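# Descriptive structure summary
Each chain, written out:
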Amino acid sequence: RKFALQRGADGHSFTGELRPEQSGLLVVDVVDRARLGAGAPPKFLVRVSEDQPPSLDLRLHGIGSLVAAHARIPGDLKVRDDFGLRAIDVSMRATEGEPEARGPDDPTGVPEIPFAPAVATYDEPFTIGSLRYASGVAVDLRQWNPHPDENDKDNRIRPGMLLALRYGATDNFGPGDPHHGYSEVVTFRVVTRERLNEDLRRRQIEQRNELERIVAEHHAAALEFGEL
């Protein structure tokens, strides 16, 4: 298939636009007034592919599945897109009790609680149009819990609730609507400070027992090596 290009008024230039519908070889050829063409016209291999949403990888560090009502949830976020990023966002969802499984044939008809926008802090500045972005991130639950009392009814997130967080990214796709990608949803059980301290002490005891077991195995192996 041939596509005509617009010749410039000076006779030494041309312009045009081409939106290929499939992959193939693109040859840019010109013919002068003496009907002579280019000896070796430039050729380009064009590959047409669907634009995919941004990919996000969230890794938490220094925090478990149990959090207090005024916790700060830190992590490392990595975002990538083939054609550039436009924005980074974070959203949350807080629910009472255990989550209910709602399939397409759920007879209850109870709508799922949607995610709401949240505010996060980012260690690294974000540049619009960048292909990759990596930064330390954190969400402070005090933005929803202004009162020190963790059981205050005016606090949105209270002990006994389930908290879900996810990060999102918007790409530079156009002229249609941009694509939006999400990270995996991380879920936490909100507990009292006393319950959290008990869990931390339990984890410390388990780690200490594990360390003592490793030390004992090391001494036994050293003795065996000495005998050999």
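Residues numbered from 1 in each chain as written. Predicted model: local features only at pLDDT ≥ 70, side-chain atom pairs only at ≥ 80, totals over all residues. Heavy atoms only, no water.

## A word on the overall build of the protein
- Looking only at helices and strands, one finds 1 helix and 14 strands in the protein.
- Relative to the 2.2 N^0.38 estimate, which gives 17 Å for 228 residues, the radius of gyration of the protein is 29 Å and therefore markedly larger than a compact globule would have.
- By principal-axis analysis of the C-alpha atoms, the protein measures approximately 90 × 65 × 40 Å.
- The buried share among the 228 residues of the protein stands at 27%.
- The contacts in the protein between residues at least 6 apart in sequence include a share of 63% that link residues at least 24 apart.
- In the form shown here, the protein has an accessible surface area of approximately 16700 Å², with 52% of it arising from carbon and sulfur atoms.
- Placing the 29 positive and 37 negative side-chain charges of the protein at their respective mean positions leaves the two points 6 Å apart. (Helix = DSSP H or I, 4+ residues; strand = E, 2+ residues; numbered from the N terminus. Rg over C-alpha atoms; globule rule 2.2 N^0.38 Å. Buried < 20%, exposed > 50% of the residue type's maximum accessible area, 1.4 Å probe, protein only. Contact = heavy atoms within 4.5 Å. Areas by Shrake-Rupley, 256 points an atom, 1.4 Å probe, with all protein chains shown as cover. Lys, Arg positive; Asp, Glu negative; His and termini not counted. Charge placed at Lys NZ, Arg CZ, Asp CG, Glu CD.)

## Thoughts on empty space enclosed by the protein
- What the rule picks out here adds up to 1 cavity of 30 Å³ or more.
- Leu58, Leu60, Ile73, Pro74, Gly75, Val137, Val139, Leu165, Tyr167 and Val186 together form the lining of the largest cavity.
- Put simply, the parts of the chain that give the lining of the largest cavity at least two residues each are strand 5 (55–60), strand 7 (72–80), strand 11 (132–140) and strand 12 (161–171).
- Of the residues contributing to the lining of the largest cavity, the split by class is 9 nonpolar, 1 polar and no charged. (1 Å grid on protein atoms, 1.4 Å probe; cavity = no way out; pocket = protein on both sides within 12 Å on 5 of 7 lines; lining within 4 Å. Points joined across faces, edges and corners; volume = space filled by probe spheres on them. Nonpolar A, V, L, I, M, F, W, Y, C, P; charged D, E, K, R; others polar.)

## Focus on unusual backbone geometry
- Phi is positive for Arg35, close to 60°, though the residue is something other than glycine.
- With respect to the secondary-structure elements, Arg35 resides in the loop between strand 3 (24–27) and strand 4 (43–46).

## Concerning the sheet that holds strand 10 (residues 121–122)
- The strand order across the open sheet formed by 4 strands is 5-7-11-10, and the pairing between neighbours is antiparallel. Each edge of the sheet is formed by a strand with only one pairing partner; in this case those strands are strand 5 and strand 10.
- Here 2 bridges tie strand 10 to strand 11, and the two strands are oriented antiparallel to one another. In the strand pairing of strand 11, Thr121 is matched with Ala138. (Pairing = 2+ DSSP bridges.)

## Side note on the pairing of strand 8 (residues 85–96)
- Here strand 8 pairs with strand 12 via 11 bridges, running antiparallel. Of the residues in strand 12, the one forming a bridge with Thr95 is Leu162.

## Structural notes on the layout of surface pockets
- Quantified by volume, the largest pocket comes out at close to 1200 Å³.
- In this structure, the largest pocket is lined by 33 residues; those nearest its centre are Phe3, Leu5, Leu26, Val27 and Val28.
- In terms of residue count, strand 3 provides more of the lining of the largest pocket than any other element does, 4 residues in total.
- Per-class residue counts for the lining of the largest pocket are 15 nonpolar, 9 polar and 9 charged.

## Brief notes about the environment of Gly24
- With respect to the secondary-structure elements, Gly24 resides in strand 3.
- Residue classification places Gly24 among the partly exposed positions, given a relative accessible area of 30%.
- For the pair formed by Gly24 and Arg7, sequence separation is 17 residues and the distance between their alpha carbons is 24 Å.
- If sequence neighbours within four positions are ignored, Gly24 has contacts with Phe44, Leu45 and Val46.

## A short note on the packing of aromatic side chains
- Inspection of every chain in the model, using the stated rule, returns 1 aromatic pair.
- Summarising the aromatic geometry, the rings of Phe126 and Tyr133 are spaced 5.4 Å apart at their centres and angled 90° between planes, so their arrangement reads as edge-to-face.
- Given a relative accessible area of 27%, Phe126 falls into the partly exposed group.
- The cationic tip of Arg166 hangs over the ring face of Phe115; the distance from NZ or CZ to the ring centre is 4.0 Å.
- Note that Arg166 overlies the ring of Tyr182, its terminal NZ or CZ placed 3.9 Å from the centroid. (Phe/Tyr/Trp six-rings, centres within 6.5 Å; stacked < 30°, edge-to-face > 60°. Lys NZ or Arg CZ within 6 Å of the ring centre and 35° of its normal.)

## Describing the environment of Thr15
- Topologically, Thr15 is positioned in strand 2 (residues 14–15).
- By relative accessible area, which is 53% here, Thr15 ends up exposed.
- Placed 10 residues apart in sequence, Thr15 and Leu5 show a C-alpha to C-alpha distance of 5.8 Å.
- In this structure, Thr15 is in contact with Leu5 and Gln6, ignoring residues within four places of it in sequence.

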